[in-house]
Every structure is written in structure tokens, then in C-alpha cells.
Amino acid sequence: MEGPSIHLASEQLQPFVGVTIGSVSGNSKIGIERLHGQTIKDIFAWGKHLVFQFESFALRVHFMLWGTFAATVDGESVTGDYRRSGPPRLVMNFPNGEITIWSASLRWIDVPDARAEYDFSADIMADGWNPRAALKKVHAFPHEEIADVLLDQAIFAGVGNIIKNEVLFRTRTSPFLKVEKLSPKSLRAIIADAQAFSHRFLELRRVFALRKNLEIYRKSLCPVCGGKVIRRNHGQRARRSFFCPRCQKVAKSVLSASPSGVRARRASAASRPLRASKARGRRAVGLRSGTRGSS
Ligand SMILES: [Zn+2]
């Protein structure tokens, strides 16, 4: 789930603020018994994190690539159309309903005010989002492809692969372009659209109309020129880009290179320790302390 979906989740779950957990279950190994009898003080989103604040500690839920959740309040489902798979990681039962979480990473934040641990200027959905700070951080990675940088959670917390692809198409930007090849004006336009499209994503999500309003993600034909949409895994993260080579002016040299999905994944596996430590270094930019973000 991407940032706007997490933001929506925090809204949908507000009926549980002030309510005490009756019982918990699930296959999480972090010691979820601790939640029994705890009252939720606050529920908020930061990037792809959903945070439940209790009296003296908080629970951070990170949905990773495949995590989902569902909730009922007074017998009615308040959540969306997410797919679920396997046994739940965590089920919290309340007098007024229940919250179930699948395939997510759970972690404790041992502070009475987890909000203070997060830098909301890096959260694409936050009122405090700071595009100038984002531009400054982007400039620190001149040799990286813009598609990779957009997924950096220390810079664009909440941006996932759907938002990345749509924003690059909407701004007619090649996903392969290195930051140093983009003008300040282009970078500002990309950063502005990352925020604008993320808010549109939220509104479309609310009315279950996201998929049919996407222009390039998982599409086969370009809605502007009618040309074939190309999909390719690339960059350090080896995440998939969907693009129109004509509208996004993708260099011929990039297109003539062999499709790099398998190769990129192999390379990424080989260089993982190095990349992980580099990513950790970067994540420190996004968060003030303790809880580190990830894509
Ligand atoms: Zn096109």
C-alpha cells in the first residue's frame, strides 16, 4: 500500500481511538500480548507507516509490498477492497469491532509520543510536506535514476511504484534519466506533481476509482499517443517502470539495451549488503530517531 492508502486507513480507523483492546491474536512474533487491555490514544500515518499510539508505547505497522488490512466497526466493514492472503499477522478485538492486519512488518516504538519521532516534512501526504527540502535531498543523488529517487522513503515518504510511474508519465519524464540530467524546473515539477497526484490518489481511493483512472501503470497503450507502453525493471531498486518511450522521450540507447528485469534482479541480490547499508544511511535523513523508514 502506498502513502495515500495508509492515510485513508488512519481515517477509517479513527472510531477505535479512545477504545480499549479486549483481546489480540495473530502470528506475529513481537509479543503482541502486550496489547491486551491497552487503550488506543492516537492513530496516524507517516509515509507507508500506520502507527497506533498507546499510553507508553506505540505499534508501527509497515505494509511492505503485500501487506493489507481490514476493519469492522459495529459490524460494518470500514475498509477498502484490498486483497488478503494467509493467516493474519495481528487481530485486535474491541468492544466496537476489530482490526485485522496481514503480511505487514510490526515494530514497537517505546515512546509515549511517536509522532514526535517522525519528520513530517518528508511525508508526501502531510500538511507539513516541504517540497524545497525534498529538492535539496534529491540533489544529493545526482547519479541516480529519477525512478529510484522517487521511491526513496527518506525523501518521498509514501510514494510507491504506482505514484512513481504516474508522476513520471504526467510530467513526461523518462524514468531512466539521472537526477543530474534534469533541470531544476523539471525537478520542481516532478516534486510538485508527486504531492498533487498523491492527493488525487487518496480521493480516487475513497471512491474505489483508482485503477480505472491510472494512465500508465499496468496499461498497454499510451492514452496520449496510442503507442505501446513498455514495462521494464531497472535501477538500483530493480522496480518496474511502465512508460511511453515517445511521450516520455526515453533515449533510444536505453530502449535498445536488452530487457533488464532478470539481470537487474540478479545484480540487486548480489549487491544487497552494500545497498542495504547505503539505504540505512539515507533513511536517517527522513526520520529523527529510532524508527527507520523503508520502501
Ligand atoms: Zn505516448
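Scope of this entry: the structure provided in the associated data block. Source: prediction; values computed, not measured.

Cut-offs used in this document
Residues numbered from 1 in each chain as written. Predicted model: local features only at pLDDT ≥ 70, side-chain atom pairs only at ≥ 80, totals over all residues. Heavy atoms only, no water. Phe/Tyr/Trp six-rings, centres within 6.5 Å; stacked < 30°, edge-to-face > 60°. Helix = DSSP H or I, 4+ residues; strand = E, 2+ residues; numbered from the N terminus. Buried < 20%, exposed > 50% of the residue type's maximum accessible area, 1.4 Å probe, protein only. Core = buried A, V, L, I, M, F, W, Y, C linked by side-chain atoms within 4.5 Å. Contact = heavy atoms within 4.5 Å. Donors = N, O, S within 2.8 Å, 3.2 Å for Na, K, Ca; no water. Polar contact = N/O pair within 3.5 Å; in protein donor to acceptor, adjacent residues only side chain to side chain.

### Concerning the packing of aromatic side chains
In the structure shown here, the tally under the stated rule is twelve aromatic pairs. Pairing W129 with F156 gives two aromatic rings, centres 6.0 Å apart and planes at 35°, and the pair type is tilted. Of the two residues, W129 sits in the loop between strand 9 (105-109) and helix 2 (131-138) while F156 sits in the loop between helix 3 (146-150) and helix 4 (161-170), which places them 27 residues apart along the sequence. For F156, a relative accessible area of 1% translates into the label buried. On the basis of an interplanar angle of 85° and a centroid distance of 6.3 Å, the ring pair of F197 and F201 is categorised as edge-to-face.

### Remarks on the nonpolar core
I124, V138, V149, I155, F156, L187 and I191 are the most contacted members of the largest nonpolar core, which has 41 residues in total. Those elements giving two or more residues to this core turn out to be helix 2, helix 3, helix 4 and helix 5 (184-206). The greatest single-element share of this core, amounting to eight residues, is contributed by helix 5. Not counting residues up to four positions away in its chain, the partners in contact with I155 are A122, W129, A134, K137, V138, F141 and V149. The next biggest cluster of nonpolar side chains, apart from the first, holds 30 residues, and it includes A9, L35, F54 and F57.

### Digging into the coordination of the zinc ion
Bound to the zinc ion are the protein donor atoms C222 (SG), C225 (SG), C244 (SG) and C247 (SG), situated 2.2 to 2.3 Å from the metal. In primary-sequence terms, the residues that donate to the zinc ion follow C-x2-C-x18-C-x2-C. Taken together, the residues C222 in the loop between helix 6 (210-213) and strand 10 (230-234) and C247 in the loop between strand 11 (239-243) and helix 7 (252-256) connect sequence positions 25 residues apart.

### Considerations on the side chain of N233
Secondary-structure assignment places N233 in strand 10. Separated by 3.0 Å, the side chain of N233 and the backbone oxygen of A238 make a polar contact. One polar contact links N233 to R240, side chain to side chain, over a distance of 3.2 Å.

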